[in-house]
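Geometric and topological summary
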Amino acid sequence: GPRPAELLAAGRRLWDELEAGSEPSSAAPAVQDKVRQGLDALQRAAAMVAQLELFSENEELEEIASADLKFLLVPALLGALTLRQVEQARRLQHLHSARDHFLRFLRLCRTYGLGPAQLPPADPGPAPPASPPGLLAMAISRKAKIERYKQKKELENKLASMRSFVESGTADEDQIREFYILQIQKWISTSLEELESIEQEMMILKSRDAATQAPAAPQGPARPTRAPVRPFILTRDAAQARVFGAGYPGLPTMTVDDWYEQRRQQGIVSGHSPPQRAPGVSDEEFQKQQQEKKEEEDDEEALQKAREWDDWKDTHPRGYGNRQNMG
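Summary of the structure given here. This is a predicted model, so every value here is computed, not measured.

Conventions used here
Residues numbered from 1 in each chain as written. Predicted model: local features only at pLDDT ≥ 70, side-chain atom pairs only at ≥ 80, totals over all residues. Heavy atoms only, no water. Helix = DSSP H or I, 4+ residues; strand = E, 2+ residues; numbered from the N terminus. Buried < 20%, exposed > 50% of the residue type's maximum accessible area, 1.4 Å probe, protein only. Contact = heavy atoms within 4.5 Å. Areas by Shrake-Rupley, 256 points an atom, 1.4 Å probe, with all protein chains shown as cover. Axes fitted to C-alpha atoms, helices over the stretch in contact; angles between N-to-C directions. Left-handed = near helix turned anticlockwise from the far one by under 90°. Nonpolar A, V, L, I, M, F, W, Y, C, P; charged D, E, K, R; others polar. Core = buried A, V, L, I, M, F, W, Y, C linked by side-chain atoms within 4.5 Å. Salt bridge = Lys/Arg side-chain N within 4 Å of Asp/Glu carboxyl O. Phe/Tyr/Trp six-rings, centres within 6.5 Å; stacked < 30°, edge-to-face > 60°. Expected span 1.5 Å × (residues − 1). Lys, Arg positive; Asp, Glu negative; His and termini not counted. Polar contact = N/O pair within 3.5 Å; in protein donor to acceptor, adjacent residues only side chain to side chain.

1. Notes on the overall build of the protein
The number of helices and strands found in the protein is 10 helices and 2 strands. Going residue by residue from the N terminus, the α and β elements of the protein occur as α-α-α-α-α-α-β-α-β-α-α-α. Going through the 327 residues of the protein one by one, you find that 27% of them count as buried. For the protein, long-range pairs separated by at least 24 residues make up 61% of all intrachain contacts whose partners lie at least 6 apart in sequence. On the protein, roughly 23,200 Å² of surface is accessible, and the fraction owed to carbon and sulfur atoms is 52%.

2. Considering the packing of helix H3 (residues 74-83) against helix H6 (residues 173-213)
It is the contact of H3 with H6, at a shortest axis distance of 11 Å, that shows an interaxial angle of 40 degrees. Every pair of crossing elements has a handedness; the one defined by H3 and H6 is left-handed. Between H3 and H6, the residues in contact are Ala76, Leu77, Ala80 and Leu83 and Trp187, Ser191, Glu194 and Ile198, respectively. Partitioned by chemical class, the residues of the contact of H3 with H6 number 6 nonpolar, 1 polar and 1 charged.

3. Some points on the nonpolar core
Grouped together as the largest cluster of nonpolar side chains are 49 residues, with contacts concentrated most on Phe105, Ile184 and Trp187. Mapped by element, the contributors of at least two residues to this core are helix H1 (4-19), helix H2 (29-52), H3, helix H4 (91-111), helix H5 (135-168) and H6.

4. Remarks on unusual backbone geometry
One non-glycine residue, Glu53, adopts positive backbone phi at about 55 degrees. Judged by relative accessible area, Glu53 falls into the exposed class, the value being 66%.

5. Let's talk about the pattern of salt bridges
According to the stated counting rule, one finds 12 salt bridges in the structure shown. Ionic pairing is found between Arg3 and Glu6, a salt bridge with its closest N-O pair at 3.8 Å. For Arg3, a relative accessible area of 57% corresponds to the exposed category. For Glu6, a relative accessible area of 41% puts it in the partly exposed group. In this structure, the salt-bridge partner of Arg44 is Asp40, at a minimum N-O distance of 3.9 Å. On the criterion of helical spacing, the pair formed by Arg44 and Asp40 is a turn pair, its members being 4 residues apart in helix H2. According to the relative accessible area criterion, Arg44 is partly exposed, its value standing at 37%.

6. Comments concerning the environment of Tyr180
With respect to the secondary-structure elements, Tyr180 resides in helix H6. A relative accessible area of 13% places Tyr180 in the buried class. Each C-alpha atom, one on Tyr180 and one on Leu73, is 9.1 Å from the other, the two residues being 107 residues apart in sequence. Those residues in contact with Tyr180 that lie beyond four places of it in its chain are Ser66, Leu69 and Lys70.

7. Observations regarding the packing of aromatic side chains
Applying the stated criterion across every chain, the model contains 3 aromatic pairs. Geometrically, the ring pair formed by Trp15 and Trp187 is tilted, given 5.9 Å between the ring centres and 55 degrees between the ring planes. One end of the pair, Trp15, is in helix H1; the other, Trp187, is in helix H6, with 172 residues separating them in the sequence. For the residue pair Trp15 and Trp187, the accessibility class agrees, reading buried in each case. With 6.3 Å between their ring centres and 70 degrees between their planes, Phe55 and Tyr112 make a pair best called edge-to-face. Separated by 57 residues along the polypeptide, Phe55 in the loop between H2 and H3 and Tyr112 in the loop between H4 and H5 bring together distant segments of the chain. Judged by its relative accessible area of 18%, Phe55 is buried.

8. Some details on H4
Relative to the 30 Å expected for 21 residues at 1.5 Å per residue, H4 spans 30 Å between its end C-alpha atoms, a close match to the ideal helical length. Residues of H4 that are buried include every one of Arg91, His94, Leu95, Ala98, Arg99, His101, Phe102, Leu103, Phe105, Leu106 and Cys109, and no others. Immediately beyond the C-terminal end of H4, within one or two residues, lies Gly113, with a positive phi of roughly 75 degrees.

9. Details of H2
Between its first and last C-alpha, H2 extends 35 Å over 24 residues, near the 34 Å set by a 1.5 Å rise per residue. Within the span of H2, buried status applies to Val31, Gln32, Val35, Gly38, Leu39, Ala41, Leu42, Ala45 and Val49. Looking at the buried residues of H2, the elements they touch are H1 and H3.

10. Let's talk about the side chain of Arg12
Mapped onto the elements, Arg12 comes out in helix H1. Filtering out sequence-adjacent residues up to four positions away, Arg12 remains in contact with Leu73, Leu77, Gln183 and Trp187.

11. Digging into the side chain of Lys70
Along the chain, Lys70 falls in the loop between H2 and H3. Of the side chains with opposite charge, Asp68 lies nearest to the buried Lys70, which makes no salt bridge, at 5.6 Å. Engagement of the side chain of Lys70 in a polar contact is seen with the backbone oxygen of Ala67, the distance being 2.4 Å. With residues up to four places along the chain from it excluded, the contact list for Lys70 reads Ala5, Leu8 and Tyr180.

Shown next, in the form of structure tokens:
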């Protein structure tokens, strides 16, 4: 069968093709076929590396053979290819798997003094509601991201200039060793970025699943249906009720107070009482008071006349119709 170096080279080649691919969708069959082939090759390479025990926590970076340094990249490439899978039903599972691969790679690098001193947690769990970051924290985070981006670009440029020497076989051992260490450093930066994206996507998926599984809000008691209101004539007072009732015997009449009391008993209107008249005031006097109050608050007729007068002034210049002083 193929050797570990051949399997790693095959997985790396498929990853490079996916990165430079021109397929419009990551769900395209050709793309997913390359993802499956790359994962298969890298998983077989990882099994062989573990069986050969190429890496140990008890050794230093200088003790690893230059030709074996490239195998440190296997878990990072596995994590990157795992993220390229598009099965929505298994997306959360793929995110967990990719995170495990990236963390395994970072722990391995830290063992040899290459990775960050502090790693993200293996399972962050539900994040507490965080307060918005302050301006200083946002500025520091933005500055760190810009610095990390610059360093990554510098690594990529240096790797591009060294790649031809290494792949052609003209590079010496020191150059080969530097080339692989630069690759490892580049993937350390990539892994940290991917872990941050994975955590954000997992929080979104978990929130969505919790929302879909939440029980529906209990329905309140059904609102009682109201009985249809029979037509009637609404009058100001009892005197008007008698007058209108005499002219329309087939249609019942009631005063405002009677109508309000009926609606209050039916529970249709609130218990706030309508305007009350003072003791000793007759219906006519109370109605007159209410009419005067209404006229003070909103005299529709006076308001309409004022509006008509304003309209007339807009269309007739001052002095219109005054012919006394004409020569």
